[in-house]
Amino acid sequence: MMVVAKLIGALYRVPLTNTVGAEGMGLYQMVFPLYTVLLAFCGGGFTSALSRVVAKYTAHGDDETALRAVKVAVIPLSVVSALSAGAVVLLRNVISGIQGNTEASFAYLALAPSLLFAGGINVIRGYFQGRSMTVPSGVSQLAEQVIKLALGLYLARVMMAYGVKYAVMGALIGVSVSELVALVYLTVRFIIFRRGRKVTISSVAVLNAEHAIDNAIVTDSMLLKEIYGFALPVTLGSLVLPVTQIIDSALVINILLHGGQSRDGATALFGLFVGPVGTLINMPTVVVVAVAVAFLPALTSAIERGKDEREITQSAAKWIMLFVLPITIAFLFFPDRIVNTLYRRGLTDYQLAIASRLLRTQAVGVFYVGVLQIATAALQARNRSHVPVVNLTVGACVKVGLTPILVRYIGIIGASVATAACYGVAAILTVRSAYKISPFCCGIVQSFVVPLSFSLLACGAFYLTVRGAHGLPYLWQTVIGAGVALFVYALSLLFEIKKIVVIFRARKKIQ
């Protein structure tokens, strides 16, 4: 459910781009890096931290301390949320001026209320996840994305008549409303759940009297220290990319302005880079991260039991590459067709051409993200979660260093090259770190050669189908070609799965 919600969130920007255009997406994306940073301070790492603390005390039958952890966490986070929202409202003109386009102040104004709700949302989600209840979090995230999609697009279309900045403001009002709905839903679920647990809590308190005495020693300050001790490193790690995006939003537009672009033109180019192209790059990233997280418990369990985790790592690498490589190849070979099919209603021919070049340049970044997540999972399983953060920070520094140089000489394409370089450096360093501390092995043939062969075969089928259907409308050419490519790829996967089953049965007979 959470993966579906994230995919909806990524796909949302496709119709939004067709509604507000490249300039509108530039304004939309100018506000999100700072918004992401403030969200992190409003509890980004606290969901995981609080879930860990709640799980710990719940496992010992101490529901009272688990509930107290929620109360202890919600007060400082609510204060931070209120201060963040107020700061954005008061400083919106200053921030947008530094970024190079003061019209973004309207977008900041529309987005500020959502920060008020962020702290409460993260605390309640952390509580439910700590109790292994994933449905409330999943439903709230799905509700957020559906409301953002429906209401945001509706308001953007209605307010487009008054100008681009108002259309973007309407889309971001949808974001704030979706956050409010999520908070209301989670609060109601929390109240209902706690009322149902009152009898259980009383029983546990009586049956675990000795443990209850021990729990009396756990003060609020100790709970805060425990929560913050885990949350701060996670929060700092989540700030790396948003901070570089804030720097991008200030650097890229101002460098383009210095190079002779108009304000609207520079904003539109930046919008192409972070909007239409960024959306396409982010969609596979969401799935890759989810797959890596799914394999993490199995890797951790194997290591804790002293077993060889290489087979699990190979499986994770193979499934990630089976997803990443066909998308990378498609972005490299067919960026024009992908961009034209999705965005021709909202972009001009010139903007479509630029977006295609940006997508082709950044395609290799999708592959690097896949490699990065494989190595990250291997390190996290060995309790080395800080290593990928350090490596990603190094990659971000490379990006920040390259961006002004490349944008100055090759325009907006330079920002795309710098982003791909960021993920490339982070992936190489993280793989190197994983090899140093563990028997990290992916199996080159099964994890890379086989998926690459299947991807090239599917892309060949797409190309031949599109050429054969040249008499049909452009959209139908793409749809039929994509259908044939998926069918060929699915057949290849089926053949590979059957081969694995045969090998497994043969090994079983030998044993």
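S.K.: Describe the environment of Gly424, listing the residues and the values that go with them.
M.R.: Along the chain, the position of Gly424 falls in helix α18 (residues 412-437). On the basis of relative accessibility, which here comes to 5%, the residue Gly424 falls in the buried class. In sequence terms Gly424 and Tyr368 are 56 residues apart; their C-alpha atoms lie 5.5 Å from each other.

S.K.: Talk me through the layout of surface pockets; I want residue IDs and the actual numbers.
M.R.: In this structure, the second largest pocket occupies an estimated 950 Å³ of space. Taken together, 27 residues form the lining of the second largest pocket, with Pro326, Ile327, Ala330, Ala482 and Leu486 sitting closest to its centre. Broken down by secondary-structure element, the contributors of at least two residues to the lining of the second largest pocket are α13 (276-304), α14 (310-333), α15 (335-343), α19 (444-468) and α20 (474-510). By residue number, the principal contributor to the lining of the second largest pocket is α14, which donates seven residues.

S.K.: I'd like a rundown of the nonpolar core, residues and numbers included.
M.R.: Ranked by internal contacts, the top residues of the largest apolar core, which has 90 residues, are Leu16, Tyr28, Leu172, Phe331 and Ile412. In this view, Leu16 contacts Gly21, Met25, Tyr28, Leu153, Ala156 and Ala171; residues no more than four positions away in its chain are not counted. Grouped together as the second largest cluster of nonpolar side chains are 27 residues, Leu50, Met133, Leu186 and Leu223 included.

S.K.: Can you lay out empty space enclosed by the protein for me, pointing to particular residues and giving the numbers?
M.R.: If a probe as big as a water molecule is rolled over the atoms, it shows which places are left empty. Here the structure, examined in full by the defined rule, presents one cavity of 30 Å³ or more. Quantified by volume, the largest cavity comes out at close to 40 Å³. As for the largest cavity, its lining consists of Val31, Leu34, Tyr35, Leu38, Val88, Tyr108, Leu111, Ala112 and Leu115. Elements with a contribution of two residues or more to the lining of the largest cavity: α2 (13-44) and α5 (104-130). Here the residues of the lining of the largest cavity sort into nine nonpolar, no polar and no charged.

S.K.: Describe the packing of helix α11 (residues 240-258) against helix α17 (residues 386-410), and please don't skip the residues or the numbers.
M.R.: Any two packed helices are characterised by how steeply their axes cross, that is the angle between the axes, and by the distance between the axes. Orientation of α11 relative to α17, taken along the N-to-C sense of each, is 5°, at an axis distance of 10 Å. Between α11 and α17, the crossing angle belongs to the class labelled roughly parallel. Taken together, the residues of α17 that come into contact with α11 (itself represented by Val240, Leu241, Thr244, Ile247, Asp248, Leu251, Val252, Ile255 and Leu256) are Val389, Leu392, Thr393, Ala396, Lys399, Val400, Thr403, Pro404, Val407 and Arg408. Residues of the contact of α11 with α17, tallied by class, amount to 13 nonpolar, three polar and three charged.

S.K.: So what's going on with the confidence of the model for the protein chain? Which residues, and what values?
M.R.: Detailed reading of the predicted coordinates is not advisable wherever pLDDT falls low. Residue-level pLDDT values for the protein chain average 81, and 84% of them are 70 or greater. Overall, residues 199-215 carries pLDDT values under 50, and its contacts beyond four positions in sequence, including any with other chains, amount to eleven contacts.

S.K.: Tell me about a nonpolar patch on the surface, and name the residues and values.
M.R.: Among the surface-exposed residues, Leu472, Leu475, Trp476, Val479 and Ile480 lie close enough to one another that they form a single nonpolar patch of about 450 Å² accessible area. For Ile480, the position within the fold is in helix α20.

S.K.: Describe the environment of Ile480, with residues and values.
M.R.: Residue Ile480 is classed as partly exposed on the basis of its relative accessible area, which comes to 35%. Along the backbone, Ile480 and Phe462 are 18 residues apart, and their C-alpha atoms lie at a distance of 8.4 Å. Other than its neighbours up to four places away in sequence, Ile480 contacts Thr465 and Leu472.

S.K.: Mind laying out the pattern of salt bridges, listing which residues take part and the relevant values?
M.R.: Pairing of side chains with opposite charge becomes possible as their charged atoms draw close. Summed over the entire model, instances satisfying the criterion amount to three salt bridges. A salt bridge links Glu103 to Arg263, with the shortest nitrogen-to-oxygen separation between them at 3.6 Å. Of the two residues, Glu103 sits in the loop between α4 (63-99) and α5 while Arg263 sits in helix α12 (residues 263-274), which places them 160 residues apart along the sequence. Of the charged contacts in the structure, one is a salt bridge between Glu144 and Arg125, with a shortest N-O distance of 2.3 Å.

S.K.: Before we move on, can you summarise the environment of Leu239 with the specific residues and values?
M.R.: On the secondary structure map, Leu239 appears in the loop between α10 (220-238) and α11. Taking relative accessible area as the criterion, Leu239 reaches 9% and is therefore assigned buried. With 154 residues separating them in the primary sequence, Leu239 and Thr393 have C-alpha atoms 9.5 Å apart.

S.K.: Could you give an account of the side chain of Arg125, with specific residues and numbers?
M.R.: Summarising the element assignment, Arg125 is placed in helix α5. Overall, Arg125 belongs to the buried group, its relative accessible area being 9%. When neighbours within four sequence positions are excluded, Arg125 is seen to be in contact with Thr47, Ser137, Ser140, Gln141, Glu144, Ala182 and Leu186.

S.K.: Describe the packing of aromatic side chains, listing the residues and the values that go with them.
M.R.: Applying the stated rule across the entire model yields eleven aromatic pairs. Their ring planes at 80° and their centres at 5.2 Å tell us that Tyr127 and Phe190 sit as a pair that is edge-to-face. Taken together, the positions of Tyr127 in helix α5 and Phe190 in helix α7 (residues 164-196) put the pair 63 residues apart, joining distant regions of the chain. Judged by centre distance (6.1 Å) and plane angle (70°), the rings of Phe128 and Phe193 are edge-to-face. Placement of Phe128 in helix α5 and of Phe193 in helix α7 is noted, with a sequence separation of 65 residues between them. Neither Phe128 nor Phe193 differs from the other in exposure class; each is buried. Each member of the aromatic cluster is reached from another via a ring pair, and the members are Tyr127, Phe128, Phe190 and Phe193.

Calculation notes
Residues numbered from 1 in each chain as written. Predicted model: local features only at pLDDT ≥ 70, side-chain atom pairs only at ≥ 80, totals over all residues. Heavy atoms only, no water. Helix = DSSP H or I, 4+ residues; strand = E, 2+ residues; numbered from the N terminus. Buried < 20%, exposed > 50% of the residue type's maximum accessible area, 1.4 Å probe, protein only. 1 Å grid on protein atoms, 1.4 Å probe; cavity = no way out; pocket = protein on both sides within 12 Å on 5 of 7 lines; lining within 4 Å. Points joined across faces, edges and corners; volume = space filled by probe spheres on them. Core = buried A, V, L, I, M, F, W, Y, C linked by side-chain atoms within 4.5 Å. Contact = heavy atoms within 4.5 Å. Nonpolar A, V, L, I, M, F, W, Y, C, P; charged D, E, K, R; others polar. Axes fitted to C-alpha atoms, helices over the stretch in contact; angles between N-to-C directions. Parallel < 35°, antiparallel > 145°, perpendicular 65-115°, else oblique. pLDDT = per-residue confidence, 0-100. Patch = residues over 30% accessible without salt bridge, like charges linked within 9 Å, V, L, I, M, F, W, Y side chains within 5 Å. Areas by Shrake-Rupley, 256 points an atom, 1.4 Å probe, with all protein chains shown as cover. Salt bridge = Lys/Arg side-chain N within 4 Å of Asp/Glu carboxyl O. Phe/Tyr/Trp six-rings, centres within 6.5 Å; stacked < 30°, edge-to-face > 60°.

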